[in-house]
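Commentary on secondary and tertiary structure
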Amino acid sequence: MRPRLIALGMALGLAAPALAADAPAAPPQWKLVWVDEFEGTEIDRTKWIPERSCWGGGNNERQCYTDRAANIRVSGGQLHLIARKERFRGPDRPPEIAAQSNPDVSQHYTSGKVRTLGLHAWKYGKIEFRARPPKGQGTWPAVWMMPSQNVYGGWPLSGEIDILEGVNLGAKCPECQGDVGENRMSSAMHFGNAPPGNTYVVQHVALPDQSLPSDDFHVWTLEWGKGLLRYYLDGRFYWEVTADKWFTASPNAKGNPAAPFDQPFYLMANLAFGGKLAEENNDKGIAKGSVPAELAIDWIRVYQCDRDSDTGLACMGPRKGAE
């Protein structure tokens, strides 16, 4: 009813009709708060900072991460992180964990790693991306999250969330189903006490047809709320982790069962090469034909719950998709 007719009705003593404001409120929804579609020819440095380091990530990885187009390229609407075999010398550690001198060291491979550290971080939400990992013995692509502030202490007391990891895709794998070799990706969460008291939980996932994830692009989704994380691949649920499965030894977390995964985390994508996890599994070591290798990312989107930013749980609801 138009406003003038409503006013006339009220003047005549007639009941006013129900307005839209009286209707039940729509349920909370995920709201897009950050996105990179990787248009153009360079990374958006208001969103990402390339890491420059050669220390091997604490895993004896064999690459130097560089800020060069040879290792980090945007083209065709995609981000390309490229591992190459070449001797390179660069700073040992990234700035936030560097010793005062931070000497240059050498590695026999180079690759790319980008981070939102110091630019963007989120507490709870939905992180979703479309990516194609590489295959080959020695390759180790990852899209993951780390705390923007070590509120509960150094790694892993403040936590680590690994959304996508892939190690040695296509290499020999007797325990894998199908006939294409290693066809499992994994997700993990790290927490606990300072090493050697650190621990983690991990879940492997394969595609329904047991094909190689490196053959095509796929969509990974993390839904993260207070005390609850859910993981999906191409819309299919494959893992749920609740707060009773994690802990931190930090005294700052006393009385807080959601810690350490209750703080803002920043986002990273990288292609590691070699290292303990890759070289001690599948065909062992590094295969000569594994480089050059490329982790391609089509887009990354971050959502937060529009009317429940404090916990994010209102937007999660029951889990979706078959296991």
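Everything here concerns the structure above.
Below or above, wherever it landed, is the structure these notes cover. (Residues numbered from 1 in each chain as written. Predicted model: local features only at pLDDT ≥ 70, side-chain atom pairs only at ≥ 80, totals over all residues. Heavy atoms only, no water.)

As for the overall build of the chain
The secondary structure content of the chain amounts to two helices and 17 strands. Seen along its three principal axes, the alpha-carbon backbone of the chain occupies a region of about 90 × 45 × 40 Å. Within the chain, the proportion of its 323 residues that are buried is 49%. In the chain, of all internal contacts separated by at least 6 residues, the share reaching a separation of at least 24 is 72%. Split by element, the accessible area of the chain, about 15600 Å² in all, is 51% carbon and sulfur. When the 35 positive and 37 negative side-chain charges of the chain are each reduced to one mean point, those points stand 2 Å apart. (Helix = DSSP H or I, 4+ residues; strand = E, 2+ residues; numbered from the N terminus. Buried < 20%, exposed > 50% of the residue type's maximum accessible area, 1.4 Å probe, protein only. Contact = heavy atoms within 4.5 Å. Areas by Shrake-Rupley, 256 points an atom, 1.4 Å probe, with all protein chains shown as cover. Lys, Arg positive; Asp, Glu negative; His and termini not counted. Charge placed at Lys NZ, Arg CZ, Asp CG, Glu CD.)

Some remarks on the state of the cysteines
Evaluated as defined, the whole model comprises three disulfides. What pairs with cysteine 54 in a disulfide is cysteine 64, and their sulfur atoms sit 2.0 Å apart. Here the disulfide of cysteine 54 and cysteine 64 is right-handed, its torsion about the S-S bond being about 115°. With cysteine 54 in the loop between β2 (49-50) and β3 (63-65) and cysteine 64 in strand β3, the pair connects residues that are 10 residues apart, well separated along the chain. By the burial criterion, cysteine 54 is buried, and cysteine 64 matches it. Each sulfur of the disulfide joining cysteine 305 and cysteine 315 lies 2.1 Å from the other. As the torsion about the S-S bond is roughly 80°, the cysteine 305-cysteine 315 disulfide counts as right-handed. Here cysteine 315 lies in the segment after β17 (293-305) and cysteine 305 lies in strand β17, a separation of 10 residues in the sequence. According to the relative accessible area criterion, cysteine 315 is buried, its value standing at 11%. Look at the chain and number its bonded cysteines as they come in the sequence; the links are 1-2, 3-4, 5-6. (Disulfide = S-S within 2.5 Å.)

A few points about the packing of aromatic side chains
Applying the stated rule across the entire model yields 14 aromatic pairs. Pairing phenylalanine 191 with phenylalanine 247 gives two aromatic rings, centres 5.8 Å apart and planes at 75°, and the pair type is edge-to-face. Placement of phenylalanine 191 in strand β11 (residues 184-192) and of phenylalanine 247 in the loop between β15 (236-242) and β16 (265-273) is noted, with a sequence separation of 56 residues between them. Joined through ring pairs, the aromatic side chains of Tyr124, Phe191, Trp224, Trp246, Phe247, Phe261 and Phe265 make up one cluster. The positively charged end of lysine 47 is found above the aromatic ring belonging to tryptophan 34, 5.8 Å away from the centroid. (Phe/Tyr/Trp six-rings, centres within 6.5 Å; stacked < 30°, edge-to-face > 60°. Lys NZ or Arg CZ within 6 Å of the ring centre and 35° of its normal.)

A look at the sheet that holds β11
Strand order across the open sheet formed by seven strands is β2-β7-β16-β9-β10-β11-β12, with antiparallel pairing between neighbours. Every interior strand has two partners, whereas the edge strands, β2 and β12 (198-206), have only one. Two elements, strand β9 (residues 139-147) and β16, share nine bridges in a ladder whose sense is antiparallel. Of the residues in β16, the one forming a bridge with tryptophan 144 is methionine 268. (Pairing = 2+ DSSP bridges.)

Some details on the pairing of β16
Most of β16 is tucked away: nine of the nine residues are buried. Side chains Phe265, Leu267, Ala269, Leu271 and Phe273 project from β16 onto one buried face, and the interleaved Tyr266, Met268, Asn270 and Ala272 project onto a second face that is buried too. Bridge count for strand β7 (residues 113-115) against β16 is three bridges, and the pairing is antiparallel. Bridge pairing links valine 114 to alanine 269 in β16.

Looking at the pattern of salt bridges
A complete count under the given rule lists 16 salt bridges for this structure. Across the pair glutamate 175 and arginine 184 runs a salt bridge whose closest N-O atoms are separated by 3.6 Å. The class of glutamate 175 is exposed, set by a relative accessible area of 55%. A relative accessible area of 22% means that arginine 184 is categorised as partly exposed. Connected via shared salt-bridge partners are Glu51, Glu96, Lys113 and Arg115. (Salt bridge = Lys/Arg side-chain N within 4 Å of Asp/Glu carboxyl O.)

A few points about unusual backbone geometry
Only a minority of non-glycine residues have a phi that is not negative, and only a minority of peptide bonds are not trans. Omega for the bond connecting tryptophan 155 with proline 156 falls within 30 degrees of zero, at -5°, which places this linkage in the cis form. Looking at the secondary structure, you find proline 156 in the loop between β9 and β10 (160-166). For the bond from alanine 259 to proline 260, the omega torsion is 10°, close enough to zero to count as cis. Tracing the backbone shows proline 260 in the loop between β15 and β16. Although it is not a glycine, phenylalanine 38 sits at a positive phi angle of roughly 55°. By the secondary structure assignment, phenylalanine 38 is in the loop between β1 (30-36) and β2. Using a relative accessible area of 3% as the deciding quantity, one classes phenylalanine 38 as buried. Backbone geometry at asparagine 168 places phi at a positive 60°, although glycine is not the residue there. Mapping asparagine 168 onto the fold places it in the loop between β10 and β11.

Function-wise, these values are silent; they only describe arrangement.
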